[in-house]
Amino acid sequence: MTAIPSPRRISRPRWLTAPLIVGIALILFWLVATVAAPWMSGFAPLDMVGRRLQPPSWEHLLGTDALGRDVLSRVLHGARHSIPIAVTVVAVAVAIGAVLGALAGFIGGFVDTVIMRLVDITLSFPPMLLAMAVAASLGPGLENATVAMVIVWWPVYARLMRAQVLEVREREHVEAAIASGATRSRVLTKHILPLCWTPVLISATMDLGQVILLAASLSFIGLGATPPTPEWGSMISDGASQFYSWWVALGPGLAILTIVLGFNFIGDGLHDYFDPRSK
Amino acid sequence: MSAHPPLFEVRDLRVAFGRNGFYSEAVRGVSLQVDHGEVLGIVGESGSGKSVGMLAALGLQPEGARVTGSVKFKGRELVGLPRRELRALRGARIAMIFQDPLSSLNPVMTVGAQIAEAVRLHNPDLSKRAALDRAKDLLALVTIPQPDRRLQQYPHEFSGGMRQRVMIAMAVANDPDLLIADEPTTALDVTVQAQIMEVLADLQARLKLGLILITHDLGVLAGHADRVAVVYAGQVVEQAGVDDLFARPGHPYTRGLIASIPDMTVEKDRLFSIDGTPPALGRLPEGCPFNPRCVVAQDICRRETPPVRHLPDHSAACHFAFSAPESAA
């Protein structure tokens, strides 16, 4: 026998990279928190359980806020607001955007022009500004913030979906399907759309983190969650006025950091998985 | 038997592409005819308009193309037929096979589901079960082993030749009268090409199909076509029975194509090729469109468009067809 290649331990598939594992772990943690926050935290999020503005200690791992509430408990409960909102916003935005984008790409002509100019107009505003304007006109509250964010976000998916449909519809199997007598709706639903979802899925995963960030931003400036809701953005806003009690803002800040990072890592992982050429 | 209209008859078909109100013709007055059980070969270089013409005949022209002339299927005019009626014909009475079997199958549907879909598109009352059974029979018909197992697989699990067999199976799923095969073997290995041509020829004979075989390889046609139409720059420059064409080519372009077929029995240093490239759309030379590349071109070829000269069952569009000067080529 000639030289045997040096043994390389293959313990996990190539696409399962370290960042992806970290991302999955982070997101799993926050998903568990969403469901099990009451059992994970030692205190109720709205109870004033100790003296105000206590620094982190064994009893209050992340300290207490200006009203003597346990910051860790509030951070954990915050997941119950942020994650369902993010999922709702992305799901509705994908639904609206994918339908309109697919129609624009497939039908073309006047329909395309109308939909895409609407997309252009929406995208020409800075997202934060548009979200603020819509949220402000609807009034504070997490529901209105959700609506505002859907309005900001659907055009992204419409554009993505349209580009994808335009690319796939030129492929030969689509022509073959038309040549075999398939109707237009059948061509779209059976032969084009199933090949369009990958970039939408990747983008949606990354956007979950971005939506959480935007939701927190809206709450930070008072257009999202209203006190005393334990929402990360408004908690940071509280912390901002207690500058020397750094721990009040640290907890929710870490929460946002880890969850956005987690979604981005997973999005990158999906990207590598579906498109192995991009290395 | 009474006189009946031919299966498929194309008269003066023209396809033009417009840009800024200025149209250039890619197909410039093609006339063809195919009958039941007949194999017509259409041969020409890339860009000669052979595919575009056949697609346009079925209403599959690219958006913005202008199609004029007449295309009759069993005496029924297809040009200008409403989309719904064309759709009912396509895949049912007239089927197509495309060049690249690798990309002509939907990558995210199993092969069985795709064939069953082709069947059910034109037989909506058929159950899914029955359509899959039919798919199995079709796979057996195109000699794919283990059709039961193959039905469950996706296109990427098939080799190129197997995929083209699947395409053929889909094409004949509804017992069409006419099959248009657009370069069915171009994307395949030479050894596989022969197999696919055998499958096609066998089906054509058994199902009494009218078959239009589009290719750029005269060699493929030699063994399989009954008649051949040679297309250059959007026009049929020569049309004849296959033996007649090889024996007495009337057009210098045809002679060039025949000379380009590599001969395995003779040792040669260089292979023959026709110099130059086909003219660009909308930039045709004066006179005969082939004159800049023609080895026997005379002054008249640069001035006047050649008339179509006829022998019995043989026609060629050349000033010197069937006469002199046959000096070179």
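Structural notes, computed from the coordinates. No experiment lies behind these values; they were computed from the predicted model shown. (Residues numbered from 1 in each chain as written. Chains lettered and ligands numbered in written order. Predicted model: local features only at pLDDT ≥ 70, side-chain atom pairs only at ≥ 80, totals over all residues.)

**As for the overall build of chain A**
The helix and strand tally for chain A stands at 10 helices and 0 strands. Its helices and strands in sequence order give chain A the pattern α-α-α-α-α-α-α-α-α-α, from N to C terminus. Over its C-alpha atoms, taken along the principal directions, chain A stretches across nearly 75 × 75 × 30 Å. For chain A, buried positions account for 43% of its 279 residues. (Helix = DSSP H or I, 4+ residues; strand = E, 2+ residues; numbered from the N terminus. Buried ≥ 20, exposed ≤ 12 C-beta atoms within 10 Å, placed from the backbone.)

**Notes on the nonpolar core**
By size, the foremost hydrophobic cluster in this structure holds 166 residues, and its most contacted members are Met149, Val211 and Ala215 of chain A together with Ile115, Ala169, Ile212 and Val230 of chain B. Looking at which element gives the most residues to this core, the answer is helix H2 (residues 71–107) of chain A, with 17 residues. Discounting chain neighbours no more than four positions away, the residues touching methionine 149 of chain A are Val89, Ala131, Val211, Leu214 and Ala215 of chain A. (Core = buried A, V, L, I, M, F, W, Y, C linked by C-beta atoms within 7 Å. Contact = placed C-beta atoms within 7 Å.)

**Quick word on the interface of chain A and chain B**
Where interface size is quoted, it is often the accessible area lost as the parts come together. Taken together, the 14 residues of chain A in the interface contact 19 residues of chain B. If you tally residues by element for the side of chain A that touches chain B, the top one is helix H6 (residues 172–179) of chain A, at 6 residues.

**Things to note about the packing of H2 of chain A against helix H8 (residues 197–220) of chain A**
Residue and element names in this part refer to chain A. Relative orientation of the contacting elements H2 and H8 amounts to 135 degrees, with a least axis distance of 9 Å. The angle between H2 and H8 falls in the class oblique. The handedness of the crossing between H2 and H8 comes out as right-handed. On H8, the residues that touch Ser82, Ile85, Ala86, Val87, Val89, Val90, Val94 and Ala98 of H2 are Val200, Ala204, Asp207, Leu208, Val211, Ile212 and Ala215. (Axes fitted to C-alpha atoms, helices over the stretch in contact; angles between N-to-C directions. Parallel < 35°, antiparallel > 145°, perpendicular 65-115°, else oblique. Left-handed = near helix turned anticlockwise from the far one by under 90°.)

**Brief notes about unusual backbone geometry**
Residues and elements named next belong to chain B. The phi angle at glutamine 146 is positive, at roughly 50 degrees, despite the residue not being glycine. Structurally, glutamine 146 is set in the loop between helix H4 (128–141) and helix H5 (147–151). Given 10 C-beta atoms within 10 Å, glutamine 146 falls into the exposed group. Backbone geometry places aspartate 313, a non-glycine residue, at a positive phi of 55 degrees.

**Brief notes about the sheet that holds strand S4 (residues 65–73) of chain B**
Residue and element names in this part refer to chain B. Taken in spatial order, the 4 strands of this open sheet run S2-S1-S4-S5, and their pairing is antiparallel. In the strand order of this sheet, the two ends are held by strand S2 (22–34) and strand S5 (76–77), each with one partner. Bridge count for S4 against S5 is 2 bridges, and the pairing is antiparallel. Bridging from a neighbouring strand, lysine 72 pairs with glutamate 77 of S5. Packing of helix H1 (residues 50–57) onto the sheet brings it into contact with strand S1 (8–19), S2 and S4, and relative to S1 it is tilted by some 110 degrees. (Pairing = 2+ DSSP bridges.)

**Structural notes on the environment of isoleucine 258 of chain B**
Residue and element names in this part refer to chain B. Note that isoleucine 258 resides in helix H10 (residues 252–260). What makes isoleucine 258 partly exposed here is the crowd of 17 C-beta atoms within 10 Å. The spatial distance from the C-alpha of isoleucine 258 to the C-alpha of proline 107 is 38 Å, given a sequence separation of 151 residues. Ignoring anything within four residues of it in the chain, the contact list for isoleucine 258 reads Leu218, Phe246 and Pro249.

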